[in-house]
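Spelled out from the first residue to the last, the chains are:
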Amino acid sequence: NGFVARTNTCGELRSAHVGQEVTLYGWIQYQRQDLFMVLRDFHGLTQVIIPQDEAHAHVKNLLSNAPVESVVRVTGIVTSRPPGQENPKMPTGNIEVKAESAEILNPCKKLPFEIKDFIKKSESLRMRYRYLDLRSFQLQYNLRLRSQLVMRMREYLCNLHGFVDVETPTLFKRTPGGAKEFLVPSREAGKFYSLPQSPQQFKQLLMIGGLDRYFQVARCYRDEGSRPDRQPEFTQIDIEMSFVDQAGIQRLIEGLLQYSWPEDRGSITAPFPTMTYEEAMANYGTDKPDTRFGMKIMDVSNFLRRLDIQFVEDALSYPRGTAKAICIPQGARYLTNKDLKSLKESAKSQFKQEIVEIICRPDGSIKSLLTKFLAEKQQEELIQVLNMQVDDVVLLAAGEHKQVCTALGSLRLESADLLEAAGLVLRDPSAFHFLWVVDFPLFLPKEENPAELESAHHPFTAPHPSDTSLLYSDPTKVRSQHYDLVLNGSEVGGGSIRIHSAEQQRFVLEKVLKEDSEVLSHLLEALEFGAPPHGGIALGLDRLISLIVDAPSIRDVIAFPKSFRGRDLMASAPDYVTPEELEPYHIQVSWPLEEKEAKKN
């Protein structure tokens, strides 16, 4: 309460304060029959008794007529609530304040929605009146927890481990590859800045500059649409170290998270488990597995090869052909025929993958299209191979390895959603399962042109020491020193050991990725001036906080987020600018015909 006029917050008064005169400031949360009201501030709630005697008629008149969410000052005496009227659900539930004087600091006009967490509001309405939405308990909690966690991270990195907090430029130049970047016009005709999608080059240059240990709470930008876990502007905890290896970065991050982890979320244990990219894809069908539940992908290729089923043999004849399955526990009991049909259609529409279902009946027999190809003994063997119990449902897929695994990985998550919607709890919402995924491929075929390669992480990632020679002979087989941190099936961090040789970096850019290395001439030159071995990582702060507080979207942990289309609905941004304002930047806007007509009207 230092520096302000109040004596106490609305959340701190207890029985020990009875008899004291206090002055509170806050918003009127609730009024009842001109007898009492509830005053709210950032700290909590206090019940205020509206005086009924003639001597305080002006106070009664003032408070009784003040609209909900008006800002008021109340001075009064703390008293115990009458016996039987205590409220154990409120921290201040044993006391109330009898108002002696009051002042309406600012009345509130009619609200577009009630400031209550349980009142359903459309997201667009919440975005438009974000300053009102911020008054809700949940958003207040989320933002304060975010602030506390970042402060603890600063303490750990700077005070305990000698990191230097450095601000890097927001106006930079285009980086080859990766996500689309926002362009910012300059007053030089035809020349544009880019907003960096991360401080990647700067943090490497800081290592070349000898800072040894850098970190930053960095603002980053990507010109792409919003998703529940992605925004066009976002924040990451950006870290880089010299003379470090992959294990060193992992130990640092595990310690950082243990040190900064909120006490009310329990403790987390380190070291976190580690899984290779190949293991993750084979067992979970994704490079960010949710390990809170089972239903791992099973390989049944060897068993099915013996059965002489033509469509299975055709699928297994693919290069890297395979047959795999997932078992949905109690699927026949919890999932409807419509659910199973939607799962099969999802695999077909998203991954062009056919699915065969196998259901274990109460008598232990199976129901499936496969039964007409299988003798009774083979059916019994299949049940054993799949480890099926009564009412289990197995989804079987055969074909090219990556396609099969990706399809089943997606069905695994969709099935879990359906089972939980039906009442079977698979994923403990209070559990936090961290996982390192390592040994990613260094390069992947481009989707639009599989004959060309692109970086799986970014072009500055170093090859795995064991695969360095393959970089020059068969780059498709090179593993990288790239590592991702996964939490409950979401990627919350990613980093790598960097290339610190100018020659190797130039080879990757020019020969493997076919990029114009001139764009990165400053970095390539810097690498020639005694660049130390270095590596780092970036933690997605928004995504991490949203998982900690179990928010449905990262927009619930950002004070002023953008909408799904990347717009600020409160301020109507982006907005039009006049031709006169564009003139210094040598830009003219060519309007589509329909927009020309809309602007006229």
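What counts, and where the lines are drawn
Residues numbered from 1 in each chain as written. Predicted model: local features only at pLDDT ≥ 70, side-chain atom pairs only at ≥ 80, totals over all residues. Heavy atoms only, no water. Helix = DSSP H or I, 4+ residues; strand = E, 2+ residues; numbered from the N terminus. Buried < 20%, exposed > 50% of the residue type's maximum accessible area, 1.4 Å probe, protein only. Contact = heavy atoms within 4.5 Å. Areas by Shrake-Rupley, 256 points an atom, 1.4 Å probe, with all protein chains shown as cover. Lys, Arg positive; Asp, Glu negative; His and termini not counted. Charge placed at Lys NZ, Arg CZ, Asp CG, Glu CD. Pairing = 2+ DSSP bridges. Axes fitted to C-alpha atoms, helices over the stretch in contact; angles between N-to-C directions. Polar contact = N/O pair within 3.5 Å; in protein donor to acceptor, adjacent residues only side chain to side chain. Phe/Tyr/Trp six-rings, centres within 6.5 Å; stacked < 30°, edge-to-face > 60°. Core = buried A, V, L, I, M, F, W, Y, C linked by side-chain atoms within 4.5 Å. Salt bridge = Lys/Arg side-chain N within 4 Å of Asp/Glu carboxyl O. Parallel < 35°, antiparallel > 145°, perpendicular 65-115°, else oblique. Left-handed = near helix turned anticlockwise from the far one by under 90°. Domains from an automatic or database assignment.

Here the focus is the overall build of the protein. A tally of regular secondary structure across the protein gives 19 helices and 22 strands. By the burial criterion, 48% of the 601 residues in the protein qualify as buried. Taking the intrachain contacts of the protein between residues at least 6 apart in sequence as the baseline, contacts between residues at least 24 apart amount to 67%. Accessible surface, the protein: about 30,800 Å² in total, of which carbon and sulfur atoms supply 51%. On the protein, the mean spot of the 70 positive side-chain charges and the mean spot of the 81 negative ones are 3 Å from each other.

Once that is clear, we can look at the sheet that holds strand β1 (residues 21-32). Judged by pairing direction, the barrel is mixed, and its five strands sit side by side in the order β1-β2-β3-β5-β4 before closing back on the first. For this sheet, the mean angle separating the axes of adjacent strands, direction not counted, is 55°. Relative to strand β5 (residues 95-106), strand β4 (residues 71-80) is paired through ten bridges, and the arrangement is antiparallel. Bridge pairing in β5 links I77 to K98.

It is worth spelling out the side chain of Q353 at this point. Relative to the elements of secondary structure, Q353 occurs in the loop between α11 (337-351) and β14 (356-360). Polar contacts involving the side chain of Q353 include one to the main-chain carbonyl oxygen of A398, which spans 3.0 Å. Beyond its immediate stretch of four places on either side in the chain, Q353 contacts A347, K348, A397, A398, Q403, V404 and A407.

This paragraph deals with unusual backbone geometry. Look at the link from A270 to P271: it is a cis peptide, with omega at 5°. Within the secondary structure layout, P271 lies in the loop between α6 (246-260) and β11 (274-276). In this structure, D34 takes a positive phi of about 60° despite not being glycine. Positionally, D34 belongs in the loop between β1 and β2 (36-41). Look at D34 and you get partly exposed, because its relative accessible area is 38%. The phi dihedral of R320 falls on the positive side, at around 60°, and the residue is not glycine. With respect to the helices and strands, the residue R320 is situated in the loop between α9 (310-316) and β13 (321-328).

Applying the stated criterion to the full structure yields 14 aromatic pairs. A centroid spacing of 4.4 Å and a plane angle of 50° characterise the contact between F172 and F202, whose relative ring orientation is tilted. Remark: F202 occurs in helix α5 (residues 200-208) and F172 occurs in the loop between β6 (164-165) and β7 (183-185); sequence separation between them is 30 residues. Judged by relative accessible area, F202 falls into the buried class, the value being 15%.

The next point concerns α5. Within α5, eight of the nine residues are buried, which leaves it mostly tucked inside the rest of the structure. For α5, the set of buried residues is Q200, Q201, F202, K203, Q204, L206, M207 and I208. Buried residues belonging to α5 abut β9 (213-221), β10 (233-242), α16 (521-527) and β22 (534-540). Positive backbone phi, at 85°, marks G210, one or two positions downstream of α5.

Counting residues in each nonpolar core, the largest one holds 51 residues, and the members touching the most others are I239, I253, L257, F434 and L485. Among the elements that take part in this core, helix α4 (residues 137-161) stands out by supplying six residues, more than any other. Those residues in contact with I253 that lie beyond four places of it in its chain are I239, W436, L485, I537 and L539. In terms of nonpolar packing, the next biggest core, distinct from the first, is built from 22 residues, V300, C327, I366 and M388 among them.

So, about the pattern of salt bridges. According to the stated counting rule, one finds 32 salt bridges in the structure shown. For E420, the salt bridge identified is with R427, shortest N-O distance 2.9 Å. Assessed through its relative accessible area of 27%, E420 is described here as partly exposed. Here R479 ties to D467 by a salt bridge, and the two come within 2.9 Å at their closest N and O atoms. Of this pair, R479 sits in the loop between α14 (470-473) and β20 (482-487) while D467 is found in the loop between β19 (453-455) and α14, placing the two residues twelve residues apart along the sequence. The class of R479 is partly exposed, set by a relative accessible area of 29%.

Our next topic: the packing of α4 against helix α17 (residues 541-548). Remark: α4 packs on α17, axes separated minimally by 11 Å, with the N-to-C direction vectors making an angle of 120°. For the element pair α4 / α17, the angle class is oblique. With respect to the hand of their crossing, α4 and α17 are arranged in right-handed fashion. Across from N142, L145, R146, L149, V150 and M153 in α4, the residues of α17 making contact are L541, D542, L544, I545 and I548.

A few words on the domain arrangement of the protein. You'll often see interface size given as the accessible area lost when the parts meet. Structurally, the protein comprises domain 1 (15-106), domain 2 (141-275 + 434-556) and domain 3 (293-422). Here the C-alpha centroids of domain 2 and domain 3 sit 37 Å apart.

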